[in-house]
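Spelled out from the first residue to the last, the chains are:
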Amino acid sequence: MAVPTIEKMEVIPVAGYDSMLLNLAGAHEPFFTRNVVVMTDSQGYVGVGEVPGGEVITKRLESCIPLVEGTALGQYKNTVLACKEMLEKQVATQSAQSGVETAHAQIFKKVTNVVTGVETPLLDIMAKHLEVPVAALLGDGQVRDKVRFLAYLFYVGDWRKTDLPYIHDDDDSDEWGRIRREPALTPEAIVHQAEAAQERYGFHDFKLKGGVFEGKEELKAIRALKERFPEARINIDPNGCWSLKESLELCRDMTGILTYVEDPCGAEGRFSGREIMAEFHRQTGLATATNMIDTDWREMKAAIRLDAVTIPLADPHFWTMEGCVRVAQLCHDMDLTWGVHSNNHFDISLAMVANAAAAAPGFVNACDTHYIWQDGQHLGKTAPHFEDGCLTVPRDGVGLGIEIDRTKLEAAHKLYVDNGCGTRDDAKGMQYYIPGWTYDPHRPAMVR
Ligand code: GKR
Ligand code: MG
C-alpha cells in the first residue's frame, strides 16, 4: 500500500457562545473564537486540531498549507519543523507592536499556537493509522487513562446591563445549566457555582479567576469555598495584578486554604515577574503556578534557576502537544508538578489536553478547562463526558477521540462570520459597567 500523504489542510475560524466572564482584562464578549484545522490524507483519514482564535493565527495557519499538503505522513515531524522555521522567519520580519498588552494578547502571538495547529491533526491522523490514542505517541507513551480537571469558576457580569447578544436560558437541564449565564459577583454566588459545577461534573478541585475585585474581597470567596469543600484543592489566579506587598499580606495565612496560587504578582520596577514570584514563593512557602512568566524554554530556564514557579501550566496550545509533555517530563524529574492553562475552547482542545495529560508522568495537577462554560457546543459527533471530575482517554481508543461533525463545524464558522468575530477584546463588555474603562495590568477590573 502506498505511503499516506496529506492531501488537504483546511483552516476554519469558528465561534461559540460564552458567558460574560470577568477577569483582569475586562468581560468576555458574547462569542469566543478559535481556529480549527482539518487535514485529510490520501487514504481518507481525517485529523483535527484546535488553537486560539483571531485573524493573525488564521493567516499564519493558512501560510503553512503549502508546506503541509503533499507531504508524507511519516515525515510529520519534519513537516512541523518546516512550518515552525517558516513562521519564525515571518514573525521576525513583522514590526514589534507598542502599548500595554493583556497577558492573553501576548500568549496568542506565540508562533507555537500555530505550530500546534499543524502538529495536532498530523498526530491525530498518525494515531488513527496506528489505531492508538494520540497519548500513546507522546513522550514515553500513555501513563494514565483518567485525567483530572478542575472547576474553573468566574465572577460573571450582568448581560442585561449590555445590549450585546449574550446567550441566556440555553440549558434548563440542571442547576449548572441554569446559573452559568447569570450574574455571580459575591462569595455566595461563587460557592453556588462550585456546588452546581460539582454536581454536574464531579470536580474535586476549584480555581477562581481573580483580578476582578480587591484581593481581600476575592479571598473571602476562597475561604467560603474551602469551608464548603474542606477536602478540595483550591487556587486563585488574579493574573499578576497584585503587588508583591499585597500578595504577601493576602496570602501569608492562606496555607491549608489555598493549595497553590497562580500568578499573584508580576514584574515590579527593576525586578522581573520571575524574581518577584520567587520572593513570594520563598516568603509564603505556597506553591506557585503560572501561565504568564514560564511560557517557553527560555523563561522556564530562568524560572527554575530562581525557584519562582512550582507548577508550570503547560498549555499544549502554546507549548505544542510534544512540548507540553516534555515540560511534564522535566517537572517529574525536577520536583516540580505539571498543570495546564486554558482559554475558552471547544471539545477538540479538551481532547488535546486530555491526551497530553494522559502522557504526563508523575503527579499532575487537575487541568484547567473553560469547557464547562461551553458545554453543549461540541464540534465532534459525541459530547465529552466527565465523571468524578475526570475525562477518560481509553488505551484502546484512536487518535484524539474526536470524529468531527461537519454540520456543527459549518454552523460555528457561520457564527464567526455572521457576527464579524475576530480577536478577543474584553474591554468592550467592561465599558458597559464602567464607561471609558481601559485595561490596567495592576488594577482589578472592577476597581477604578
Ligand atoms: O478566560 O478570562 C479568561 C482567563 O483570564 C484567560 O484569558 C487566561 O489566559 O485562564 C487564563 C489564565 O489562567 O490566566
Ligand atoms: Mg492564569
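The present account deals with the structure reproduced in this document. (Residues numbered from 1 in each chain as written. Chains lettered and ligands numbered in written order. Predicted model: local features only at pLDDT ≥ 70, side-chain atom pairs only at ≥ 80, totals over all residues. Heavy atoms only, no water.)

Here's the deal with the coordination of the magnesium ion (ligand 2)
Ligation of the magnesium ion (ligand 2) by protein atoms is provided by Asp237 (OD), Glu262 (OE) and Asn291 (OD1), these donors lying 1.9 to 2.2 Å from the ion. Every donor residue of the magnesium ion (ligand 2) comes from the same chain, spaced as D-x24-E-x28-N. In this pair, aspartate 237 is assigned in strand β9 (residues 233-237) and glutamate 262 in strand β10 (residues 260-262), connecting sequence segments 25 residues apart. Residue aspartate 237 shares its accessibility class with glutamate 262, and that shared class is buried. (Donors = N, O, S within 2.8 Å, 3.2 Å for Na, K, Ca; no water. Helix = DSSP H or I, 4+ residues; strand = E, 2+ residues; numbered from the N terminus. Buried < 20%, exposed > 50% of the residue type's maximum accessible area, 1.4 Å probe, protein only.)

Some words on the sheet that holds strand β4 (residues 31-41)
If you trace the 3 strands from one edge of the open sheet to the other, you get β1-β4-β5, paired in antiparallel fashion. Of all the strands in the sheet, the pair left with one neighbour each is β1 (6-17) and β5 (46-52). Averaged over all adjacent pairs, the angle separating strand axes in this sheet is 20°, with direction ignored. Across 11 bridges, the pairing between β1 and β4 is antiparallel. (Pairing = 2+ DSSP bridges. Axes fitted to C-alpha atoms, helices over the stretch in contact; angles between N-to-C directions.)

Let's talk about the layout of surface pockets
By volume, the second largest pocket is sized at about 460 Å³. Along the wall of the second largest pocket there are 23 residues; nearest its centre are Ala351, Pro384, Thr392, Leu400 and Gly401. Looking at the lining of the second largest pocket, the elements with two or more residues in it are α13 (347-358) and β13 (390-392). With 5 residues, α13 is the largest single contributor of residues to the lining of the second largest pocket. Considered class by class, the residues forming the lining of the second largest pocket number 12 nonpolar, 8 polar and 3 charged. (1 Å grid on protein atoms, 1.4 Å probe; cavity = no way out; pocket = protein on both sides within 12 Å on 5 of 7 lines; lining within 4 Å. Points joined across faces, edges and corners; volume = space filled by probe spheres on them. Nonpolar A, V, L, I, M, F, W, Y, C, P; charged D, E, K, R; others polar.)

Digging into the environment of leucine 22
Tracing the chain through its elements places leucine 22 in strand β2 (residues 22-23). Here leucine 22 falls in the buried class, since its relative accessible area comes to 0%. Counting along the chain gives 426 residues from leucine 22 to arginine 448, while the straight-line C-alpha distance between them is 15 Å.

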